[in-house]
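# Structural description and commentary
Listed below, chain by chain, are the residues.
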Amino acid sequence: MQNNTIVVLISGTGTNLQALIDSQKRYKYQIVAVISNNPKALGIAIAKKHGINNFVVDHRKYQTRELFELAMSEIINSYNPALVVLAGFMRILEPQFISQFNNRLINIHPSLLPKYKGLNTHKRVLRNKDKQHGCTAHLVIPELDCGSNIVQATLDIQEQETEDSLNTRVKKMEYIIYAWCVKMLIQKRITINNKTIFLDSKKLPITGYTVTELSLHTIDDI
Ligand code: GRF
């Protein structure tokens, strides 16, 4: 049987984790463990509530980044997951950690990558008076937020838009595209060859597969 297991790494509220949990049955993947570097992450309570194995690996308790990542790797590898899914995981990862999970490590980022890597994306988008914004599920490589795009969801910025309203709208899109991305990778309908992403063997553009806020749910028809 195909390996359909994933391990999710979190640091905070875990709303993406919740969305991934909500889609598990429908999309036929299984969250086998949740790891948080932050002992106070609300996402841990979500994992507990759903009976998912959960671990705190507190980065402050390790002398080096390498030792912290080694502790996480040991947990992850004990599950041999098909995918390692970053969902609001707020630590930068070393190349050595990342290379273990070649093409199996993904992240969700609140911008239309390659635009707005890093933090405070909504603020920067508004300050620059952009007309569009969105989120991207992408592969993780050592350069922050630079791995190939897998899927992107876009929205049109409204006149009265605020950081809060953008946060709400973008997160709603994240929940949908990220679970879909997991499903498609697990089912091997999305594949990666030398940094290029393929959907059903067809090469995707560098934006990844794109949907708009209004056509979000059509990804289920694919
Ligand atoms: C999301 O906005 C995601 O794009 C970013 O971190 C946030 C996590 O939120 N990487 P949550 O913890 O899933 O609520």
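See above for the structure.
Residues numbered from 1 in each chain as written. Predicted model: local features only at pLDDT ≥ 70, side-chain atom pairs only at ≥ 80, totals over all residues. Heavy atoms only, no water.

### Let's talk about the packing of aromatic side chains
- Tallied over the entire structure, the rule returns four aromatic pairs.
- Measuring from centroid to centroid gives 6.2 Å for Tyr 62 and Phe 68, while their planes differ by 55 degrees, and the two rings are tilted.
- The exposure class assigned to Tyr 62 is partly exposed, which follows from its relative accessible area of 30%.
- For Arg 26, the ring lying beneath its charged end belongs to Tyr 27, and the centroid distance is 4.4 Å. (Phe/Tyr/Trp six-rings, centres within 6.5 Å; stacked < 30°, edge-to-face > 60°. Buried < 20%, exposed > 50% of the residue type's maximum accessible area, 1.4 Å probe, protein only. Lys NZ or Arg CZ within 6 Å of the ring centre and 35° of its normal.)

### A closer look at the packing of helix H1 (residues 15-27) against helix H2 (residues 42-49)
- The interhelical angle for the contact between H1 and H2, taken along N-to-C directions, is 20 degrees, at an axis separation of 9 Å. The pairing of H1 with H2 is recorded here as roughly parallel in orientation. In terms of crossing hand, the pair formed by H1 and H2 is right-handed. Across the interface between the two elements, Leu 17, Gln 18 and Ile 21 from H1 touch Gly 43, Ile 46 and Ala 47 from H2.
- Class assignment for the residues of the contact of H1 with H2 results in four nonpolar, two polar and no charged. (Axes fitted to C-alpha atoms, helices over the stretch in contact; angles between N-to-C directions. Helix = DSSP H or I, 4+ residues; strand = E, 2+ residues; numbered from the N terminus. Parallel < 35°, antiparallel > 145°, perpendicular 65-115°, else oblique. Left-handed = near helix turned anticlockwise from the far one by under 90°. Contact = heavy atoms within 4.5 Å. Nonpolar A, V, L, I, M, F, W, Y, C, P; charged D, E, K, R; others polar.)

### Thoughts on the nonpolar core
- Core analysis: the biggest nonpolar cluster contains 51 residues, and Val 8, Ile 31 and Ile 106 have the highest contact counts within it.
- Per-element tally for this core: the top contributor is helix H6 (residues 163-186), with twelve residues.
- Apart from residues lying up to four places away in sequence, Ile 106 is in contact with Leu 83, Val 84, Val 85, Leu 86, His 138, Leu 139, Val 140, Ile 150, Tyr 178, Cys 181, Val 182 and Leu 185.
- Core analysis: the second largest hydrophobic core is formed by 20 residues, Leu 86, Phe 89, Phe 97 and Phe 101 among them. (Core = buried A, V, L, I, M, F, W, Y, C linked by side-chain atoms within 4.5 Å.)

### Some details on the sheet that holds strand E8 (residues 190-193)
- Pairing within the open sheet is antiparallel, and its three strands lie in the order E8-E9-E10. Edge positions in the sheet fall to E8 and strand E10 (202-203), since each of these pairs with one other strand and no more. (Pairing = 2+ DSSP bridges.)

### Quick notes on the site of the ligand
- Lining the immediate environment of the ligand, one finds Thr 13, Gly 14, Thr 15, Asn 16, Gly 88, Ile 108, His 109, Pro 110, Lys 171 and Glu 174.
- Note that an oxygen atom of the ligand is positioned 2.5 Å from one of the side-chain N or O atoms of Thr 13.
- Within the side chain of Thr 15, a nitrogen or oxygen atom sits 2.5 Å from an oxygen atom of the ligand.
- Isolated, the ligand exposes 370 Å² of accessible area, and the fraction of that covered by the protein chains is 86%.
- Of all elements in the fold, only H1, strand E5 (105-109) and H6 reach the threshold of two or more residues within the shell around the ligand. (Near = heavy atom within 4 Å. Polar contact = N/O pair within 3.5 Å; in protein donor to acceptor, adjacent residues only side chain to side chain. Areas by Shrake-Rupley, 256 points an atom, 1.4 Å probe, with all protein chains shown as cover.)

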